[in-house]
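# Tertiary structure, described
The residues making up each chain are set out below.
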Protein chains: 4
Amino acid sequence: MSDITDTQGSWLSEDDIGTMRGKMPIVYINAIPVLTDDLGVVTHVGLLLRLGADGEVNREIVSGRILYGERVRDALLRHCEKDLGPLALPRIPASPQPFTVVEYFPNPDITGFYDPRQHAVSLAYIVEVTGDCEPNQDALDLVWLRPDEVLSPTVAEELSAGHERLVRTALGHVGRLT
Amino acid sequence: MSDITDTQGSWLSEDDIGTMRGKMPIVYINAIPVLTDDLGVVTHVGLLLRLGADGEVNREIVSGRILYGERVRDALLRHCEKDLGPLALPRIPASPQPFTVVEYFPNPDITGFYDPRQHAVSLAYIVEVTGDCEPNQDALDLVWLRPDEVLSPTVAEELSAGHERLVRTALGHVGRLT
Amino acid sequence: MSDITDTQGSWLSEDDIGTMRGKMPIVYINAIPVLTDDLGVVTHVGLLLRLGADGEVNREIVSGRILYGERVRDALLRHCEKDLGPLALPRIPASPQPFTVVEYFPNPDITGFYDPRQHAVSLAYIVEVTGDCEPNQDALDLVWLRPDEVLSPTVAEELSAGHERLVRTALGHVGRLT
Amino acid sequence: MSDITDTQGSWLSEDDIGTMRGKMPIVYINAIPVLTDDLGVVTHVGLLLRLGADGEVNREIVSGRILYGERVRDALLRHCEKDLGPLALPRIPASPQPFTVVEYFPNPDITGFYDPRQHAVSLAYIVEVTGDCEPNQDALDLVWLRPDEVLSPTVAEELSAGHERLVRTALGHVGRLT
């Protein structure tokens, strides 16, 4: 989960956020970008390709902090635009009910969702994308994959931090497990 | 709930459907048409105005049978197009999970949702409308109302068959009760 | 899906139900029996072992028709008691919202959920079981399996009619995919 | 929302939490305690009576912070036991999906959910209570009310901070709006 943009956008210094990360859970959003057909059937899932610190390529979903004073839906829109570009036209869900809540811990054994930096409680939403995506510099590319491709072992392996499980949960929620 | 079009579109005679209505529950969909802003906030709910058998004006939501061989999402699209017109561009939800299930009985005391003709089990969805609505001849008009207007006693009174309760449940689901 | 008991319990003759099955969708419930710990974590999923017509052993979840005049929650309780025994003490969910809706068709290509006899629309619920299960004569046995065991290829293979996919969707919903 | 116990239980000083409250959203849980019958129908909602700072009596639902390192379900159990007593036997939901997410802001105009101290993002759950409740010293009493009583103007008026809306949303979710 990258949130370089977050800390620039808020008035928290890097020191502040570092201190807090060791003291309380941080609120996040996760968004699974999808394409749908005219009947609402999910045809493709969007995964970001990002270069890891160690030079290896990772696949990721949209992810980031909710800032002080920001509504969940503002955070969803901001992170989708940050990761998918300004013309992605994401459709933010009408209901605030997430399809699941993901809990990331520095200890990978608690939930299997791992974040070495922090304890994060993340609200996960499906977001239909209706425009054109242009990932920013941070991300190498955005790839649209069919549900069966997303579930393939090769792709699954490149999804880190338990995101592979989250994507399967999302596909279950939209009735597209294969 | 009017489904004149249903029985024409399927190969069930009026006799057949009449017989079955007394013997088994009939599967329905209910759709609450809504308008949303760029952040997904529901700004308006669409209610159909329909002339009752007794000449009085009733407000209704989109409603109708699922036909043999038809998927839930096909039925949702068909009934939205039937009631809202061919240019309504309804966005059928990606997830098959309804926000609630409504049970209509000929006996109004069981659930409070009443249908003198049948026992119907109805899957209820929020459907965002992105095009132009032109209700068909059956319906007099489609009126878009703000959440606070929908919840006003005057409007509530004109919503029949427990639909007023269903609309409030829908507004709760999208975080728009006032 | 076995519903011998259903047709005995209702006043539909075998002929009637046979006729209707070819003319309209039939409303079903599916229940995934689970055991939970004190914190609500699903520790085990209950699968029924049933002898197929061809003598082979199949694993199944709780499944059956909603009868005319019966509420969804009455049907859930009735089928759980039928399949799990009278002392199972299933906890019927407070919310009528199913975690998913499964659509079974005689044509296996439409949704992948297959029922040669009928088009069924099934509301699927997680049901926590708190008592002692004694499957009836129809079922050979009820086996409680951990989530990782349920997801193993051996078990998956013995789950028919798309139930393997449904069980994975259920495990995703309760945050227990591995 | 009272969380005196929270700050004692965690290793955050009052100063620390005060500082953070002005800088980032705080993760909360809300629990609506309910009684159900054998079919899962919600028959009663539990409301806490608490003496406000100004001496007036307020009705409240269960509410509190999620601590660093604590899972959502641990927090739910801890706050239910804190507010309802050690013998309440609350049934923590199997699914991590809340029925809604409530956003409290120091500015009452943003969502209508108001908390003068902080920006809180709260995951709201229905919790069935199966044991005996003994509210702690903080709360004067716990009162079980039928859905129609909860929705009466007198009770609604005593529910503060938007909790009246949240309780109506919860009743909609369990199909018990009247």
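Residues numbered from 1 in each chain as written. Chains lettered and ligands numbered in written order. Predicted model: local features only at pLDDT ≥ 70, side-chain atom pairs only at ≥ 80, totals over all residues.

Glancing now at the overall build of chain A. In terms of regular secondary structure, chain A is built from six helices and eight strands. In chain A, the succession of helices and strands from N to C terminus is α-α-β-β-β-β-α-β-β-β-β-α-α-α. Its C-alpha atoms give chain A a radius of gyration of 16 Å, near enough to 16 Å, the size a compact globule of 178 residues would have. Along the first, second and third principal axes, the C-alpha atoms of chain A reach 45 × 30 × 30 Å. A separation threshold of at least 6 residues defines the contact pool for chain A, and within that pool the share at least 24 residues apart is 69%. (Helix = DSSP H or I, 4+ residues; strand = E, 2+ residues; numbered from the N terminus. Rg over C-alpha atoms; globule rule 2.2 N^0.38 Å. Contact = placed C-beta atoms within 7 Å.)

This brings us to the confidence of the model for chain A. On average, residues of chain A score 89 in pLDDT, and 93% of them reach the 70 mark or higher. Interface confidence for the predicted complex, expressed as ipTM, amounts to 0.89; the pTM equals 0.92. (pLDDT = per-residue confidence, 0-100.)

Bringing the relation of the copies chain A and chain D into the picture now. In screw terms, the move from chain A to chain D is a rotation of 180° and a rise of 0.0 Å along the axis, fitting with an RMSD of 0.0 Å. Look at the turn and shift together and you get a two-fold axis relating the two. Relative to the rotation axis, the C-alpha of Val27 of chain A is the closest in chain A, positioned 3.2 Å from it. The overlap is high: 100% of the interface residues of chain A also sit at the interface in chain D, so the same surface is used on both sides. (Least-squares fit on C-alpha atoms with pLDDT ≥ 70 in both.)

This part covers the environment of Asp141 of chain B. All names here are of chain B. As for its position among the elements, Asp141 is in strand S8 (residues 139-145). The spatial distance from the C-alpha of Asp141 to the C-alpha of Thr111 is 29 Å, given a sequence separation of 30 residues. Apart from residues lying up to four places away in sequence, Asp141 is in contact with Leu49 and Pro135.

Next up on the list: unusual backbone geometry. The backbone of Leu89 of chain B shows a phi angle near 45°, a positive value even though the residue is not glycine. Along the polypeptide, Leu89 of chain B turns up in the loop between helix H3 (72-84) and strand S5 (90-91).

Before going further, it helps to spend a moment on the interface of chain B and chain A. Contacts between the two partners involve 21 residues from chain B, matched on the other side by 21 residues from chain A. When contributions to the side of chain B that touches chain A are tallied by element, the ones reaching two or more residues are strand S1 (26-36), H3 and strand S7 (120-129) of chain B. Here the side of chain B that touches chain A is built from residues that sort into eleven nonpolar, six polar and four charged. (Nonpolar A, V, L, I, M, F, W, Y, C, P; charged D, E, K, R; others polar.)

What follows concerns the interface of chain A and chain D. Frequently, the measure chosen for interface size is the accessible area removed from exposure when the parts meet. With 24 residues of chain A at the interface, the matching set in chain D holds 24 residues. Contributing elements (two or more residues each) for the side of chain A that touches chain D: helix H2 (14-21), strand S6 (100-104) and strand S7 (120-129) of chain A. No other element matches the three residues that S6 of chain A contributes to the side of chain A that touches chain D. Tallied by class, the residues present in the side of chain A that touches chain D amount to 15 nonpolar, five polar and four charged.

Attention now goes to the relation of the copies chain B and chain A. Rotating chain B by 180° and translating it 0.0 Å along the rotation axis places it on chain A, where the RMSD comes to 0.0 Å. Mapped onto chain A, 100% of the interface residues of chain B again fall at the interface, so both copies present the same surface.

Attention now goes to the packing of helix H6 (residues 163-173) of chain B against helix H6 (residues 163-173) of chain D. At a minimum axis separation of 8 Å, H6 of chain B and H6 of chain D run at an interaxial angle of 115°. At the point where H6 of chain B passes H6 of chain D, the crossing takes the left-handed sense. The segment H6 of chain B lies against H6 of chain D, with Arg168, Thr169, Gly172 and His173 of chain B engaging Arg168, Thr169, Gly172 and His173 of chain D. Its residues assigned to classes, the contact of H6 of chain B with H6 of chain D comprises no nonpolar, six polar and two charged. (Axes fitted to C-alpha atoms, helices over the stretch in contact; angles between N-to-C directions. Left-handed = near helix turned anticlockwise from the far one by under 90°.)

On to helix H3 (residues 72-84) of chain C. Residues and elements named next belong to chain C. If you check H3, its first and last C-alpha atoms are 18 Å apart, about what 13 residues at 1.5 Å a residue would give, namely 18 Å. Every buried residue of H3 is listed here: Val72, Arg73, Ala75, Leu76, Leu77, His79, Cys80, Lys82, Asp83 and Leu84. Phi turns positive one or two residues past the end of H3, at Gly85, with a value near 95°. (Expected span 1.5 Å × (residues − 1). Buried ≥ 20, exposed ≤ 12 C-beta atoms within 10 Å, placed from the backbone.)

Leu76 of chain A together with Leu76 of chain D are the most contacted members of the largest nonpolar core, which has 95 residues in total. Not counting residues up to four positions away in its chain, the partners in contact with Leu76 of chain D are Ile29, Ala31, Ile92, Tyr125 and Val127 of chain D. The next biggest cluster of nonpolar side chains, apart from the first, holds 90 residues, and it includes Ala31 and Val121 of chain B together with Ile32 and Val150 of chain C. (Core = buried A, V, L, I, M, F, W, Y, C linked by C-beta atoms within 7 Å.)

This part is about the environment of Pro93 of chain D. By the secondary structure assignment, Pro93 of chain D is in the loop between strand S5 (90-91) and strand S6 (100-104). Looking at Pro93 of chain D, the number of C-beta atoms within 10 Å reads 25, which means it is buried. Among residues more than four places away in sequence, those in contact with Pro93 of chain D are Gly40 of chain C together with Tyr125 of chain D.

Our next topic: the environment of Leu89 of chain C. Residue and element names in this part refer to chain C. What makes Leu89 partly exposed here is the crowd of 16 C-beta atoms within 10 Å. In sequence terms Leu89 and Val127 are 38 residues apart; their C-alpha atoms lie 9.9 Å from each other. Look past the residues within four positions of Leu89 in its chain and what remains in contact with it is Val129, Thr130 and Gly131.

When strand S2 (residues 42-51) of chain D meets strand S3 (residues 57-60) of chain D, the two strands line up antiparallel, connected through four bridges. Its bridge partner being in S3 of chain D, Leu48 of chain D is matched across the sheet by Glu60 of chain D. (Pairing = 2+ DSSP bridges.)

Okay, the pairing of S6 of chain D next. Within a regular strand, the side chains alternate between the two sheet faces. Residue and element names in this part refer to chain D. Most of S6 sits inside the fold, with four of its five residues counted as buried. For S6 and strand S7 (residues 120-129), the ladder comprises five bridges, and the chain directions are antiparallel. From the neighbouring strand, Glu103 faces S7, where its bridge partner is Val121.

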